[in-house]
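Below, each chain spelled out in residue letters.
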Amino acid sequence: MNVDLYDFELPEELIAQTPLLERTSSRLLTLNKKDGSTEDHIFSEIVDYLNPGDTLVLNDTRVIPARLFGVKEDTGAKAEVLLLKSLGEDQWEVLVKPGKKLKKGSVIVFGDELKATIIEEGELGGRVLKFSYEGIFNEILDRLGQMPLPPYIKEKLEDKERYQTVYARHEGSAAAPTAGLHFTEELLDRIRAKGISIAFVTLHVGLGTFRPMSVDRVEDHVMHEEYYILPQETADILNETRARGGRVIAVGTTSARTLETVSQSCGDGPIVKSSGWTQIFIYPGYKYGLVDALITNFHLPKSTLVMLVSALAGRENILNAYREAIEKKYRFFSFGDAMFIY
């Protein structure tokens, strides 16, 4: 299957640069995966599409201020580091700029509090750094780091919390699970009051989010690993939901990937608590085992995420819905509008 099958033209002005003042005021395009029909709504109306007995599954990862700006110790040349994955013992998998000049053995200085030595070189700007500092790393990171907004967002984010979900708890992500940005505590309370369960998983978004597909054939792409946790409480809720015939509705592709990873390991048996590293790559031909419906944003052309939603709703349905969203000037990507595939 050629990657170009998932390409589409997106006007640059539709790439949302800033979040809306009210989280729930984003637009919502609903897509019926059976017949391809669509409707236009406001996100707060998502409650009307959820049924008593359903369960919403949210990713409660929290984004760390993972972008650091420093200089090479020997030359004073500027250097940028994006933290992706903690390897323990103050070692991190990172992306660096400029990749060609930051070699193994180079030392990068971030103000007076933090230094890092490159101890391994990878491909496409990938490195492993070992940090040295005095004090508590997370506190230093809070002072020095910036939110790792995607490269297509050019505007400065005034409020860091707008790149966090209201239910973000467990620090470790290099990017936000952006479908969850549309929820407020008030909306979640309305959802619970209707008889819909809320369950949480954790998936720390990492390297795969920042790497474009560099192959021509979909099947040749290799996903990078991301760490996930599905706790026992969530496993119990999911088993109860399936037993009563309710739908499992993933909020975001990260929740969907976590649920499908666990579904594969559990097979036809009950869902059990699970944690570990996932490389799951979902594209058309994949049969979803646990996810019945999905709340998601609009994704990049030729991305693994467009393929994931196409596996759920069908490629033609997705591309038709995207064309409609572009015609109606929906806002795209991280701070953009939402879609409900049911």
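Residues numbered from 1 in each chain as written. Predicted model: local features only at pLDDT ≥ 70, side-chain atom pairs only at ≥ 80, totals over all residues. Heavy atoms only, no water.

Here the focus is the confidence of the model for the chain. Caution applies to low-pLDDT regions: their predicted coordinates should not be interpreted in detail. Averaged over all residues, the pLDDT of the chain equals 96, while 99% of them reach at least 70. Element-level pLDDT for the chain is lowest in strand E6 (residues 78–88), with a mean of 93, against a maximum mean of 99 in strand E16 (residues 293–297). (pLDDT = per-residue confidence, 0-100. Helix = DSSP H or I, 4+ residues; strand = E, 2+ residues; numbered from the N terminus.)

Turning to unusual backbone geometry, a few remarks are in order. Of all residues except glycine, most have a negative phi; of all peptide bonds, most are trans. With omega at -10°, the peptide bond leading from Lys 97 into Pro 98 counts as cis. Within the secondary structure layout, Pro 98 lies in the loop between strand E7 (91–97) and strand E8 (107–110). Positive phi outside glycine occurs at Asp 90, with the angle close to 65°. Within the secondary structure, Asp 90 is located in the loop between E6 and E7. Judged by its relative accessible area of 31%, Asp 90 is partly exposed. Even without a glycine there, the phi angle at Phe 333 is positive, about 75°. In this structure, Phe 333 sits in the loop between helix H6 (315–327) and strand E17 (338–341). (Buried < 20%, exposed > 50% of the residue type's maximum accessible area, 1.4 Å probe, protein only.)

Next up on the list: empty space enclosed by the protein. In this structure the tally under the stated criterion is two cavities of 30 Å³ or more. Looking at the largest cavity, its volume works out to about 100 Å³. In terms of lining residues, the largest cavity is bounded by 14 residues, among which Pro 19, Ser 26, Arg 162, Leu 181 and Phe 335 are the most central. Tallied by class, residues from the lining of the largest cavity come to four nonpolar, six polar and four charged. The space that makes up the second largest cavity amounts to roughly 40 Å³. Every residue along the wall of the second largest cavity is listed here: Met 223, Arg 257, Ile 280, Phe 281, Ile 282, Thr 304, Leu 305 and Leu 308. Residues of the lining of the second largest cavity, tallied by class, amount to six nonpolar, one polar and one charged. (1 Å grid on protein atoms, 1.4 Å probe; cavity = no way out; pocket = protein on both sides within 12 Å on 5 of 7 lines; lining within 4 Å. Points joined across faces, edges and corners; volume = space filled by probe spheres on them. Nonpolar A, V, L, I, M, F, W, Y, C, P; charged D, E, K, R; others polar.)

Right, let's get into the packing of helix H5 (residues 304–313) against H6. Put simply, H5 and H6 touch, their axes get as near as 7 Å, and they point 120° apart. In this structure, H5 contributes Val 306, Val 309, Ser 310 and Ala 313 to the contact, and H6 contributes Arg 315, Asn 317, Ile 318 and Tyr 322. (Axes fitted to C-alpha atoms, helices over the stretch in contact; angles between N-to-C directions. Contact = heavy atoms within 4.5 Å.)

What follows deals with the layout of surface pockets. If you add up the space inside the second largest pocket, you get close to 200 Å³. Elements with a contribution of two residues or more to the lining of the second largest pocket: E6, E7, strand E11 (170–173) and strand E13 (226–230). Here the element with the most residues in the lining of the second largest pocket is E6; it accounts for three residues. Of the residues in the lining of the second largest pocket, the class split is six nonpolar, four polar and five charged.

Soluble globular proteins tend to bury their nonpolar side chains together. Tyr 163, Leu 259, Phe 332, Met 339 and Ile 341 are the most contacted members of the largest nonpolar core, which has 64 residues in total. Among the elements that take part in this core, H5 stands out by supplying seven residues, more than any other. If we ignore the near neighbours within four places in the chain, the residues touching Tyr 163 are Val 63, Met 147, Pro 148, Leu 149, Pro 150, Leu 157, Ala 175, Ala 176, Thr 178, Leu 181 and Phe 335. The next biggest cluster of nonpolar side chains, apart from the first, holds 24 residues, and it includes Val 81, Trp 92, Leu 102 and Leu 141. (Core = buried A, V, L, I, M, F, W, Y, C linked by side-chain atoms within 4.5 Å.)

With that out of the way, let us pick up the side chain of Gln 164. Its location among the elements puts Gln 164 in the loop between helix H1 (137–144) and E11. Within the local environment of Gln 164, its side chain forms a polar contact with the backbone oxygen of Val 63, the two atoms lying 2.8 Å apart. (Polar contact = N/O pair within 3.5 Å; in protein donor to acceptor, adjacent residues only side chain to side chain.)

Within the structure shown, the criterion is met by 13 salt bridges. A salt bridge links Glu 113 to Arg 143; its shortest N-O distance comes to 2.6 Å. A residue pair is termed long-range when its members are at least 10 positions apart, and Glu 113 in the loop between E8 and strand E9 (114–121) and Arg 143 in helix H1 qualify at 30 residues. Classification of Glu 113 as partly exposed rests on a relative accessible area of 29%. Ionic pairing is found between Arg 192 and Asp 189, a salt bridge with its closest N-O pair at 3.3 Å. Separated by three residues within a single helix, Arg 192 and Asp 189 lie in helix H2 (residues 185–193), roughly one turn from each other. Owing to a relative accessible area of 37%, Arg 192 belongs among the partly exposed residues under this scheme. Shared partners join several salt bridges into a network, and the residues in it are Asp 40, Glu 324 and Lys 328. (Salt bridge = Lys/Arg side-chain N within 4 Å of Asp/Glu carboxyl O.)

This next bit is on the packing of aromatic side chains. Aromatic ring pairs are reported here in terms of the distance separating the ring centres and the angle at which the planes meet. All chains considered together, the criterion is met by 21 aromatic pairs. One aromatic cluster is present, formed by Phe 8, Tyr 152, Phe 298, Tyr 322, Tyr 330, Phe 332 and Phe 333 through successive ring pairs. One residue, Arg 27, lies across the ring of Tyr 330, its end atom 3.9 Å from the ring centre. Its guanidinium or amino end placed over the ring of Trp 277, Lys 85 lies 4.3 Å from that ring's centre, counting from NZ or CZ. (Phe/Tyr/Trp six-rings, centres within 6.5 Å; stacked < 30°, edge-to-face > 60°. Lys NZ or Arg CZ within 6 Å of the ring centre and 35° of its normal.)

Glancing now at the side chain of Thr 202. Of note, Thr 202 is situated in strand E12 (residues 197–203). Using a relative accessible area of 5% as the deciding quantity, one classes Thr 202 as buried. In contact with Thr 202, not counting residues within four places along its chain, are Asn 59, Asp 60, Thr 61, His 170, Tyr 227, Tyr 228, Ile 229 and Thr 258.

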